[in-house]
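Residue-level listing of the chains:
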Amino acid sequence: MLTQLPNREAWQQRLQFEFERWQRYRHPASLAILDIDHFKTVNDSFGHKAGDRVIQLVAKVLCDRVRTTDFVARYGGEEFVLLLPETPVDKAYTVIDDLREHIADLPFHFQDEPVGITISAGLVAFEQAETPEELFDMADKALYRAKDAGRNQVTRA
């Protein structure tokens, strides 16, 4: 309800659908997992209402800045997932990195206090995995590498 985005169940169904389509036609497709950096700090410093606003803002940016054929869902907490059908991983990297830069540049304030928002992302091409689960795991590991490398960046599987 908070973001008006599809939930995890809808995500699972769409991921399966896109993976099966990729297996049949072998057109390029990419998957990204995005996570709001230091989200707990936002909640701890400004309260859960500010955290909710940050989640809503990121969800809106994601929806507004991707194609209608792409699929965005809230995976849980401060994590989002994005399917980019018909998109080679190099192009997907550019799209996700542009989203990252746009979010980092947003002038977000809560109760007249500036709140910096950044995201980290893990990205994978469908061709790198044999199952949807493996695909997701590869993107998740890439996300953790982005966070371990300092956050506010996109890392490929």
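**Here's the deal with the overall build of the protein**
Part 1: Helix and strand counts for the protein come out as five helices and seven strands.
Part 2: The N-to-C order of helical and strand elements in the protein reads α-β-α-α-β-β-α-β-β-β-α-β.
Part 3: Expected size for 157 residues packed as a compact globule is a radius of gyration near 15 Å; at 15 Å, the protein falls within 12% of this value.
Part 4: Taken over the C-alpha atoms alone, the protein extends approximately 50 × 30 × 25 Å along its principal axes.
Part 5: Classification of the 157 residues of the protein by burial places 45% in the buried group.
Part 6: Within the protein, counting contacts between residues at least 6 apart in sequence, those at least 24 apart form 72% of the total.
Part 7: For the protein, the exposed surface amounts to about 8,400 Å²; the carbon and sulfur share of it is 47%.
Part 8: The average position of the 19 basic charges and that of the 26 acidic charges among the side chains of the protein differ by 2 Å.

**Quick look at helix α4 (residues 89-104)**
Part 1: In a regular helix each residue adds 1.5 Å, so 16 residues correspond to 22 Å; α4 covers 22 Å between its end C-alpha atoms and thus fits that length.
Part 2: Along α4, the positions that sit buried rather than exposed are Ala-92, Val-95, Ile-96, Asp-97, Leu-99, Arg-100 and Ile-103.

**Considering the side chain of Ser-120**
Part 1: Locating Ser-120 in the fold gives a position in strand β6 (residues 119-125).
Part 2: When its relative accessible area of 0% is taken as the criterion, Ser-120 is described as buried.
Part 3: Not counting chain neighbours up to four residues away, the residues in contact with Ser-120 comprise Ile-33, Leu-34, Asp-35, Asp-37, Leu-143, Ala-146, Lys-147, Arg-151, Asn-152 and Gln-153.

**Observations concerning the packing of helix α3 (residues 48-64) against α4**
Part 1: Here α3 crosses α4 at 140°, and the two axes come no closer than 11 Å. Regarding the angle of α3 to α4, the classification is oblique. Crossing of α3 against α4: the hand is right-handed. Of the residues in α4, those in contact with Val-58, Val-61 and Leu-62 of α3 are Leu-99, His-102 and Ile-103.
Part 2: Taken together, the residues of the contact of α3 with α4 break down into five nonpolar, one polar and no charged.

**Quick notes on the packing of aromatic side chains**
The relation between two aromatic rings is expressed through the spacing of the ring centres and the mutual angle of the planes.
Part 1: One pass over the structure, following the stated rule, counts six aromatic pairs.
Part 2: Put simply, the rings of Trp-11, Phe-71, Tyr-75 and Phe-136 touch in pairs and so form one group of aromatic residues.
Part 3: The positively charged end of Arg-8 is found above the aromatic ring belonging to Tyr-75, 3.9 Å away from the centroid.
Part 4: Note that Arg-156 overlies the ring of Tyr-93, its terminal NZ or CZ placed 4.5 Å from the centroid.

**A short note on the pairing of strand β2 (residues 71-76)**
Part 1: Of the strand pairs in this sheet, β2 and strand β3 (residues 79-85) are connected by five bridges, and their pairing is antiparallel. Looking across to β3, one finds that Phe-71 is bridged to Leu-83.
Part 2: Between β2 and β3, which follow one another and run antiparallel, lie two residues, and Gly-77 among them has a positive phi close to 50°.

Here is what the cut-offs are and how they apply
- Residues numbered from 1 in each chain as written.
- Predicted model: local features only at pLDDT ≥ 70, side-chain atom pairs only at ≥ 80, totals over all residues.
- Heavy atoms only, no water.
- Helix = DSSP H or I, 4+ residues; strand = E, 2+ residues; numbered from the N terminus.
- Rg over C-alpha atoms; globule rule 2.2 N^0.38 Å.
- Buried < 20%, exposed > 50% of the residue type's maximum accessible area, 1.4 Å probe, protein only.
- Contact = heavy atoms within 4.5 Å.
- Areas by Shrake-Rupley, 256 points an atom, 1.4 Å probe, with all protein chains shown as cover.
- Lys, Arg positive; Asp, Glu negative; His and termini not counted.
- Charge placed at Lys NZ, Arg CZ, Asp CG, Glu CD.
- Expected span 1.5 Å × (residues − 1).
- Axes fitted to C-alpha atoms, helices over the stretch in contact; angles between N-to-C directions.
- Parallel < 35°, antiparallel > 145°, perpendicular 65-115°, else oblique.
- Left-handed = near helix turned anticlockwise from the far one by under 90°.
- Nonpolar A, V, L, I, M, F, W, Y, C, P; charged D, E, K, R; others polar.
- Phe/Tyr/Trp six-rings, centres within 6.5 Å; stacked < 30°, edge-to-face > 60°.
- Lys NZ or Arg CZ within 6 Å of the ring centre and 35° of its normal.
- Pairing = 2+ DSSP bridges.

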